[in-house]
Structures are given as C-alpha cells and as structure tokens.
Amino acid sequence: MKRRRSSIRRRPGASRLNVLVTVPFAEPQLERLRRVSPRLTVRQAKPETADYTTTDVLYAVTLPHDLSRAPSLSWVQVHMAGVNTLYEHPIYANGAIALTTASGVHAATVAEYAMTTILALAHRVPRMVEWQGKGVWPPDEQRWPLFVPTPLRGATLGVIGYGSIGRELARIAKTAFAMTVLACKRDPKRRADAGYCPPGTGDPSGALPDAWFAPDRLDDLLARSDVVVMSAPLTRETHHMIGARELSAMKPTAYFVNVGRGASVDEDALAQPLKEPRTAGGADDVFAQEPPPAGHPLYAVDNVIVSPHVSGFVATYDDDCCRLFAENLRRRLAGRPLLNLVDRAKGY
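Residues numbered from 1 in each chain as written. Predicted model: local features only at pLDDT ≥ 70, side-chain atom pairs only at ≥ 80, totals over all residues. Heavy atoms only, no water.

**Q** Would you explain a nonpolar patch on the surface in this entry?
**A** Side chains of V125, M128 and V129 sit close together on the surface and give an oily, nonpolar patch of about 240 Å² of accessible area. In this structure, V129 sits in helix α4 (residues 125-134). (Patch = residues over 30% accessible without salt bridge, like charges linked within 9 Å, V, L, I, M, F, W, Y side chains within 5 Å. Areas by Shrake-Rupley, 256 points an atom, 1.4 Å probe, with all protein chains shown as cover. Salt bridge = Lys/Arg side-chain N within 4 Å of Asp/Glu carboxyl O. Helix = DSSP H or I, 4+ residues; strand = E, 2+ residues; numbered from the N terminus.)

**Q** I tried to follow the sheet that holds strand β5 (residues 98-100) on my own but got confused; where do I start?
**A** The pairing of strands in a sheet comes from backbone hydrogen bonds and takes either a parallel or an antiparallel form. The sheet built from five strands is open, its strands ordered β2-β1-β3-β4-β5 with parallel pairing. Strands with a single pairing partner mark the edges of an open sheet, and in this sheet they are β2 (40-44) and β5. If you compare each strand with its neighbour and ignore which way they point, the axes differ by 15° on average. Taken together, the four bridges between strand β3 (residues 57-60) and strand β4 (residues 75-78) define a ladder with parallel strand orientation. From the neighbouring strand, Y59 faces β4, where its bridge partner is Q77. (Pairing = 2+ DSSP bridges. Axes fitted to C-alpha atoms, helices over the stretch in contact; angles between N-to-C directions.)

**Q** Could you clarify how one ought to interpret the sheet that holds strand β8 (residues 211-213) in this entry?
**A** Spatially, seven strands are ordered β8-β7-β6-β9-β10-β11-β12 in an open sheet, and the strand pairing comes out parallel. Where the open sheet ends on each side, the last strands, each with one partner, are β8 and β12 (304-306). If you compare each strand with its neighbour and ignore which way they point, the axes differ by 15° on average. Looking at chain direction, strand β6 (residues 156-160) and strand β7 (residues 180-184) are connected through five bridges and run parallel. Each bridged residue has a counterpart across the sheet, and for I160 the counterpart in β7 is C184.

**Q** Please explain the nonpolar core as it appears in this structure.
**A** The tendency in soluble globular proteins is for nonpolar side chains to be buried side by side. L157, V229 and V259 are the most contacted members of the largest nonpolar core, which has 30 residues in total. For this core, the secondary structure elements donating two or more residues are α3 (107-122), β6, α6 (164-177), β7, β9 (227-230) and β10 (255-258). Per element, the largest residue contribution to this core is nine residues, and it comes from α3. With residues up to four places along the chain from it excluded, the contact list for L157 reads L169, A173, M179, T180, V181, L182, S225, V227 and V229. (Core = buried A, V, L, I, M, F, W, Y, C linked by side-chain atoms within 4.5 Å. Buried < 20%, exposed > 50% of the residue type's maximum accessible area, 1.4 Å probe, protein only. Contact = heavy atoms within 4.5 Å.)

Encoded structure:
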C-alpha cells in the first residue's frame, strides 16, 4: 500500500474534536482531558465494544483493524513508547492518520534502572546477595578479590540510541559520576530532540555527549566504553544490532545493559562472553520472547542481572501519559506540531 505523508485531516467546518479513550483511565484523568478545551468531547469505551464512527482522535493500546469503522480518524496516540508491534497494522500503513507515542513518559525510571544495575554490578551487589543467602560471611582472604568495586567516576558510558532514555541516563552519568558520554544515533548530525521531555530531565539540546557516532562507527564506541547501554527502539535496522562481532569489540572489563528491546541483541551471542567471561557483567530487562523460555542462556550466567521487563514501571504512568496527551490535544487545537510524532520511514 502506498504511504502518504503524515498529516492531520480536518473536516470542513468542524469546530469540535471527538476524542475516544479505550484504556482504563480513571475519571479524574478523563476530566483532565475535558478541561483542555470546551471544543473537546471526550468519551471512554472498551476497545472490543467501542463505536469509532465519529472518532477524530483515539487514545489506545489496541487499535481497530477495520478503518471503515473509523472514517473520521485523523490521529492516534498510543499508550506505549514503541510502535514496532504496529508495523503491519493498517493504521501504521495509512500515513494520513497521525501517530504519536508515550515516549519520554518513563524515560527517568528506565534510566534510573540502568544506573541502578550498573552500580549493582560495579559494587558486586549480586555477589553480596549470594553470600547473604548462604548465611555466612566470606573468608577474609576472599573479601578483597570478591568485592573490590569497579570505579564508575570518570568512566566512559556508551549509549546506543540517544532518545529520551539515553538522554536522561547521560544527564545522570555526567552530573552524578562525571562520566564521559559517547552517543550513537541514526543521524548524529541531528543532535536536538523535540520529543516529550519533562522539565529538568534529559538532554533535549544534545549538549551532553563528548562524542557522537553513527551506527557504522558502533565498533569504535564499543571499544572505548566501560559501560554500554542499549536503549534504541526496535526497527528493521536495529534487529540484532548487537551480536557476537560487536560484543567482541568491547573491553573485557566492560558492562552491557539492555533496556531497549530484546530483539535488538542476539541473546545467545550475549550469553557466551558473559559466561567465559570475556565481558565483566550485564543486565537485561527486555527479551526477544517474553517471558523467556525455560533454560534461556542468560538465566544460567551468574554475572548478569535478569529482570522481567520492569524498568519502565512507574506508579504514575497513567497520570503521566494523560498529561502528555492533554498537551498534545492543546497542540492539535492550536495547530502546533504534536509531540512524539512517529516517523514511519524510520519506524519510531
């Protein structure tokens, strides 16, 4: 199907916007949306029983496949940050329907998770927990080799995917640990990010990195980094972006953390250098198959922190998403650019 340039369709003479929410927002959250403007009609329904006939704007996780059910639909905001699961959806193929995401809403908590695991690995926390579980104190002759930490202050952090998560992680690394930051992104010449960024977080202007790398120079970033964090979206280009060859370029003393998407890393290839070990340790919160199958190779590696895709958990997620959607509704009514507009050619 031929894709048209993303735009907002306007019905001649239309003065109101009919907004349909098919996620379980609470009434105070719906009222926040209604207070944006008297020009909005905001209603809520379950996706399986919703009537999309008069819907101009849809806020959802589950999207209707039959677009004839939504003849007026001009904009969809999804309740998640990534759209890789929508690549084959008719709405993704229809460039006349604007598509926006919740990118940036949980950037701070994911960045905090990444830094938490980095600190835990560097200070041997998993090993401490292991000895605690044994109920014994390690012998004095083992305490030094087992628990001497890896210093993070002044170390080099390589960030693959310099979006909202990577930018907040860079801010933490620079301000709290005086780390050197290397950033890899699709087009390193475009350093600013116009996406959603809560005040006081991130690096919207792209001022923090000490060096920038295009994907074809990824090996250089890997070779120079003491810690590598994968935070890139999953696209056709980033599928298995990290494999055996890339991992072999890393320092044997380096750590690798994945908070992006599971399929961006060859998990079998990642397990091997961690087992040997040719890599000091790692943390993985995302997997190609979730939950991972029994016997997944990373479960058996003792220098890896495996978590069940929880780095983005935040108690205020719905409130934060509602705040972003309200801002985008204001922008739509004012004719201003929407935040987090998906570039279908790039896949995010």
